[in-house]
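If you want the building blocks of each chain, they are given just below.
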Amino acid sequence: MNRAPAGGPTAPAVRTVLGDIAPAALGVCDAHDHLFLRSPQLPGQELDDAEAAAAELSAFRAAGGAAVIQWTPYGMGRRSAELPRLARESGVRIVAATGLHQAAHYSPELLARVRPDLAGLFVAELTEGIGGTGPRAGMIKVAGGFHGLDRHARHTMAAAAEAQRATGAAIGVHLELGTGALDVLDLLCGTLAVPPDRVILGHLNRSPDLVVHRTAAEAGAYLAFDGPSRAHHATDWRLPEALAALAEAGFGDRILLGGDTTTAGARSVNGGPGMPYLLRRHRERLEIALGADLAAQFLTANPARAFAADWARAPGGSR
C-alpha cells in the first residue's frame, strides 16, 4: 500500500486506496457510488461479485470516468482488500469510506461492539488502514433518518465529527429520501462545529426543494445529486432546474454528481444503467441544459476540492 513518506508534502490530497494524490489528479469523478454493498435491507441484491465490479469499472472508464468514491461504510461488505487490485487493473482511482449507516443495516451485536469507540474506529481506518492492514479510507459516511435524526444518527455523527477534527476528512451524509439536510447541518456544523465545507449532503435529488438546496449551499456544504436514472425519484427530469437555480445563485462550486448503484440488478453489466449512465446519458443531459463547462465543473473541480484533506495533521497521516 502506498504511503506518503515522512516529512513529505503537506498540501491537501485525496486519499485513494492506492495512496494519496493531488486533487487535480482525481479527474472525472463519480462522487457517490458502490462497487460492493451488503445489507439485510436489500436481500438478494448484494453487490459482492468482484468480477462484476471490475466489469463495471471498465465500462465506467470507457465512458470517460477516472475516479469513483465508494460510500460503503463499515460492516456493509466493502470488500476493501479487493479495491487496490480493482483500481490498478481498471485505471480508475477509488476512494473508500469508513463510517456507519443507519442502525437498520446492522445486527445489534455489531453495533454493541463498535459503539463504545466509534470515533477511534473511524480515525484508525482513515490513518492506519481498514482492518489494520488494508487500504486507508478517504472519507467518512454517516446517515440521517426521514426528516429527523434518531439517537443512533446523533451518536454516529458525533463520532464522525471527532474523526473529522482528527484527520480533516470529509463527511458524506446519506439523507433519507433527501430529507433532513438542515437538521444535519444544525448538528454537524452547529453543535459539533464541523466546518461546513467538510460536509457533503447526499441524495438531495430525491427531495427537489430548491429553498433547502440554496440554504444548505449558503451554509457552505457540498450538495450531492447522486441517483440518476431512478424514475420513482425526481432525478433526471427535475435535476437541470435544481442545478441551474444553484448555479445562477453563485453556488455552482458546491455541486457533486454520482450514480449510487446499490443493487446487483442496477449494474450496467446486468442490464441496468450502472456507473456508465452518469457519463453516457446524465452528463449529456446536463450539458444540453446547463452547458459543458458547468457539467465538467460538477464532475472534476468540485469533487477534487470536496474530497481533499490535509492528511498530514492526522495521527499516522504522514507515514
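In this report, the structure presented in the accompanying data block is examined. Position numbers for residues count from 1 along each chain, tracking the sequence in the order it is written. With pLDDT at 70 or above as the cut-off, local features in this predicted model cover only qualifying residues; side-chain atom pairs require 80 or more to be listed or tallied, and sums for whole chains, interfaces and linings still use all residues. The side-chain figures draw on all heavy atoms in the structure; neither hydrogens nor water molecules are used.

**Some details on the sheet that holds strand β3 (residues 29-33)**
Here, a strand pair is defined by DSSP locating no fewer than two bridges between the strands. Strands are runs of DSSP state E lasting at least two residues, helices are runs of H or I lasting at least four, and both sets are numbered from the N terminus onward. One open sheet holds the three strands; their spatial order is β3-β4-β5, and the pairing between them is parallel. Bordering the open sheet on either side are β3 and β5 (93-95), each of which pairs with just one other strand. On average, each strand axis in the sheet is inclined to that of its neighbour by 20°, with strand direction left out of account. Every axis in this analysis is a line fitted to C-alpha atoms, fitted for helices over the stretch in contact. Angles between the N-to-C directions lie between 0 and 180 degrees.

**Some thoughts on the pairing of strand β10 (residues 222-225)**
Both faces of β10 are covered, namely the face carrying Y222 and A224 and the face carrying L223 and F225. The pairing of strand β9 (residues 199-202) with β10 spans two bridges and is parallel. Looking across to β10, one finds that L201 is bridged to L223. Look down the strands so they point away from you; if going from the first strand over the helix to the second traces a clockwise path, that crossover is right-handed. A crossover connection joins β9 to the parallel β10 through helix α7 (residues 210-219); in handedness this β-α-β unit is right-handed. Here β10 runs beside strand β11 (residues 255-257); their pairing, made up of three bridges, is parallel. For F225, the partnering residue across the bridge sits in β11 and is L257. Each residue's exposure class comes from its accessible area (1.4 Å probe, protein chains only) as a fraction of the maximum for that residue type: buried when under 20%, exposed when over 50%, partly exposed otherwise.

**Some words on the packing of α7 against helix α8 (residues 239-248)**
The N-to-C vectors of α7 and α8 enclose an angle of 40°; their axes lie 10 Å apart at closest approach. When the interaxial angle is binned, α7 and α8 end up oblique. In the packing of α7 onto α8, the handedness of the crossing is right-handed. Residues L210, H213, R214 and A217 of α7 lie in contact with α8, whose contacting residues are E241, A242, A245 and L246. The nonpolar class holds Ala, Val, Leu, Ile, Met, Phe, Trp, Tyr, Cys and Pro. Asp, Glu, Lys and Arg form the charged class, and all remaining residues, Gly among them, are polar. Here the contact of α7 with α8 is built from residues that sort into five nonpolar, one polar and two charged. If an angle is under 35 degrees, it is roughly parallel; if it is over 145, roughly antiparallel; if it lies from 65 to 115, roughly perpendicular; otherwise it is oblique. In this scheme, a crossing is called left-handed if the near helix is turned counterclockwise away from the far one by less than a right angle; it is called right-handed if the turn is clockwise. We call two residues contacting when some pair of their heavy atoms lies within 4.5 Å.

**What to know about the environment of A143**
Along the chain, A143 turns up in strand β7 (residues 139-143). For the pair A143 and A153, spaced ten residues apart in the sequence, the C-alpha separation amounts to 6.3 Å. Beyond its immediate stretch of four places on either side in the chain, A143 contacts L100, H101, Q102, A153, M157 and H174.

**A few points about the sheet that holds β10**
Reading across the sheet, the six strands line up as β6-β7-β8-β9-β10-β11 and stay open at both edges, with parallel pairing between neighbours. A single partner strand is all that each edge strand has here, and the edge strands are β6 (97-99) and β11. Strand-to-strand twist across the sheet, computed as the mean angle between neighbouring axes with direction ignored, equals 30°. Sheet topology note: the strand β8 (residues 171-174)/β9 ladder contains four bridges and is parallel. Across the sheet, the residue bridging to I171 is V199, located in β9. This element, helix α4 (residues 118-127), spans β6 and β7 of the sheet and lies at about 165° to β6. Where helix α6 (residues 181-191) meets the sheet, its contacts fall on β8 and β9, and the angle it forms with β9 comes to roughly 160°.

**Things to note about α6**
Side chains that are three or four residues apart share a direction in an α-helix, a result of its 3.6 residues per turn. A181, V184, L185, L187 and L188 are the residues of α6 that are buried. On an axial view of α6, the arc spanned by its buried residues comes to 165°, and they lie on one face. Exposed positions of α6 whose direction lies more than 90 degrees from the buried face are D186 and T191. On its buried side, α6 packs onto α5 (151-167), β8, β9 and α7. Of the residues one or two after α6, A193 is the one with positive phi, at around 60°. This arc is taken over the directions from the axis of the helix to the C-beta atoms.

**Some thoughts on the packing of aromatic side chains**
Each aromatic ring pair is described using two quantities: the centre-to-centre distance and the angle formed by the ring planes. Classification of ring pairs uses Phe, Tyr and Trp, with its six-membered ring standing for Trp, and accepts pairs whose centres are within 6.5 Å; under 30 degrees between planes counts as stacked, over 60 as edge-to-face, and the remaining range as tilted. For the structure shown, the criterion picks out zero aromatic pairs. The criterion is that NZ of a Lys, or CZ of an Arg, lies within 6 Å of the ring centre and within 35 degrees of the ring normal, and then a charge sits over that ring. The aromatic ring of Y222 is capped on one face by R254, whose charged end is 4.1 Å from the ring centroid.

**Overview of the pairing of strand β1 (residues 13-16)**
A two-sided burial pattern is seen for β1, the buried positions comprising A13 and R15 on one face and V14 and T16 on the other. By the bridge criterion, two bridges tie β1 to strand β12 (residues 308-309) in an arrangement that is antiparallel. Paired with A13 across the two strands is A309, which belongs to β12. Pairing of β1 with strand β2 (residues 19-21) involves three bridges; the strand directions are antiparallel. Along β2, the bridge assignment pairs R15 with D20. Following β1, the chain reverses through two residues before pairing antiparallel with β2.

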